[in-house]
Protein chains: 2
Amino acid sequence: MPKKPEILHRSMVAQSRLFRIESFDLRFSNGVERTYERLVPGGTGAVMMVALLDNEHLALIREYGGGIEDYTLTLPKGAIDLGETMRDACNRELQEEIGFAAREFIHLKKMSLSPSYMSGGIDVVLVRDLYPSQLEGDEPEPLELVKWPLAKIHELYAHQDCTEGRAIAALAVAQEYLAGRYPGTPL
Amino acid sequence: MPKKPEILHRSMVAQSRLFRIESFDLRFSNGVERTYERLVPGGTGAVMMVALLDNEHLALIREYGGGIEDYTLTLPKGAIDLGETMRDACNRELQEEIGFAAREFIHLKKMSLSPSYMSGGIDVVLVRDLYPSQLEGDEPEPLELVKWPLAKIHELYAHQDCTEGRAIAALAVAQEYLAGRYPGTPL
């Protein structure tokens, strides 16, 4: 593993309601100096859930993505609110987004969005043993719940409405976990 | 598929050397109005390559991620330069980052990074039939090439240095393609 570059200087260069952009000057171990920029998210983290509705189906949501200006088929997810545990956040988001709560939570992986340009990340959690329970969320319109067969995840990867890299990654890791080839940690 | 919300107003709210942040007011089909923000990347797209070094190994790179301020194990990737085809960009980045060029390029999927907050995306391409060829890139230090067995991709998912969601997603889609369960398009 190479020696990490030294951070010479760091400053905030732009800020909006949701985003902060930080600039920092680095000196690599070979002496080369560069200025990098990265996005620093606010808040205390985020969770993405692979929620099993039964032994053969998972829960997808269809929601409007402001970034791509179109509807997208993806996994339930959301920010961890201040004071919430990761398990609390998962259970709240599930109730807000798909109308179910869960009894079993297995942490699979903390994923980064873009290690080059963004700090932070999202924790991927497999949730099982669901039961109906609804909470009012902050969604501008109700999300559509789509029940997808686990046996057809490869067809979901090819679906034109399913484009979110980290959702595909979460599904791949969950499949390996369910096949007994990947470790998980109960929450 | 729901009717897309109407965009009432759009403006640029912050800008740095690398990032632009856009704010836009939406009216959803149920009448609810919201203000969204999204990141708008510059440039003409980006590519990420699953590069097969032989029938049993793929090419990973270990590079410094300014976003996470640490080294990370991920796939070769980079921006498509003005005037380049996607195939040109793949072949240039491969030569800059791993010291190989390729003869076969199969487009697998255009992935979004965060459909909620970011426009744009990255095109995932499987490359095969490699031969040694080096180009000088703009990396501040040489990248380490790591040869990883295809049969151990599930161990890579669990590796603490491999965190990038879209790289894991690209590997999952490539595995389905190689298993004959996912369509690809030759470039």
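So, how was this worked out
Residues numbered from 1 in each chain as written. Chains lettered and ligands numbered in written order. Predicted model: local features only at pLDDT ≥ 70, side-chain atom pairs only at ≥ 80, totals over all residues. Heavy atoms only, no water. UniProt positions renumbered as here; feature names shortened; annotations may be inferred. Helix = DSSP H or I, 4+ residues; strand = E, 2+ residues; numbered from the N terminus. Buried < 20%, exposed > 50% of the residue type's maximum accessible area, 1.4 Å probe, protein only. Contact = heavy atoms within 4.5 Å. Lys, Arg positive; Asp, Glu negative; His and termini not counted. Charge placed at Lys NZ, Arg CZ, Asp CG, Glu CD. Pairing = 2+ DSSP bridges. Axes fitted to C-alpha atoms, helices over the stretch in contact; angles between N-to-C directions. Polar contact = N/O pair within 3.5 Å; in protein donor to acceptor, adjacent residues only side chain to side chain. Least-squares fit on C-alpha atoms with pLDDT ≥ 70 in both. Domains from an automatic or database assignment. Salt bridge = Lys/Arg side-chain N within 4 Å of Asp/Glu carboxyl O.

- As annotated in an unreviewed UniProt entry, chain A carries the name ADP compounds hydrolase NudE and is attributed to Bacterioplanoides pacificum.
- As stated in UniProt under Cofactor (unreviewed entry), the record for chain A gives "Mg(2+)".

1. Remarks on the overall build of chain A
- On a plain count of helices and strands, chain A comes out with three helices and 11 strands.
- Reading chain A from its N terminus to its C terminus gives the helix and strand order β-β-β-β-β-β-β-α-β-β-β-α-α-β.
- C-alpha atoms of chain A, sized along the principal axes, occupy 55 × 40 × 35 Å.
- When the 187 residues of chain A are sorted by exposure, 55% land in the buried category.
- Of all intrachain contacts in chain A linking residues separated by at least 6 positions in sequence, the fraction that spans at least 24 positions is 57%.
- Side-chain charges of chain A comprise 20 positive and 28 negative groups, with the mean position of each set lying 8 Å from the other.

2. Quick notes on the UniProt feature "domain: Nudix hydrolase" (unreviewed entry) in chain A
- The UniProt feature table records "domain: Nudix hydrolase" (unreviewed entry) at residues 43–175 of chain A.
- Its end C-alpha atoms 29 Å apart, residues 43–175 of chain A is made of 22% helix and 39% strand.

3. A word on the sheet that holds strand 9 (residues 122–132) of chain A
Residues and elements named next belong to chain A.
- Across the sheet, five strands lie side by side as 7-4-9-8-11; this open sheet has mixed pairing. Taken across any chain shown, the strands that pair with only one partner, and hence form the sheet edges, are strand 7 (77–79) and strand 11 (185–186).
- Packing against the sheet, helix 1 (residues 86–97) makes contact with strand 4 (46–51), strand 7, strand 8 (100–111) and strand 9, and its axis sits at approximately 120° to strand 8.

4. So, the side chain of Thr163 of chain B
- Mapped onto the fold, Thr163 of chain B is located in the loop between helix 2 (153–158) and helix 3 (165–178).
- For Thr163 of chain B, a relative accessible area of 16% corresponds to the buried category.
- A polar side-chain atom of Thr163 of chain B sits 2.7 Å from a polar atom in the side chain of Ser112 of chain A.
- Discounting residues that sit within four places of it in the chain, Thr163 of chain B has contacts with Lys109, Lys110, Met111 and Ser112 of chain A together with Thr72 of chain B.

5. Things to note about the relation of the copies chain B and chain A
- Between chain B and chain A, the superposition needs a rotation of 180° and an axial shift of 0.0 Å, giving an RMSD of 0.0 Å. The operation mapping one copy onto its partner corresponds to a two-fold rotation axis. Identified as the residue of chain B closest to the rotation axis by C-alpha distance is Ala169 of chain B, at 2.1 Å.
- Residue by residue, 100% of the interface of chain B is reproduced at the interface of chain A, so both copies engage with the same surface.

6. Some details on the domain arrangement of chain A
Residues and elements named next belong to chain A.
- What the domain assignment reports for chain A is domain 1 (6–41) and domain 2 (46–186).
- For domain 1 versus domain 2, the distance between C-alpha centres works out to 31 Å.
- Listed by partner, the interface residues are five residues for domain 1 and five residues for domain 2.
- There are zero salt bridges connecting domain 1 and domain 2.

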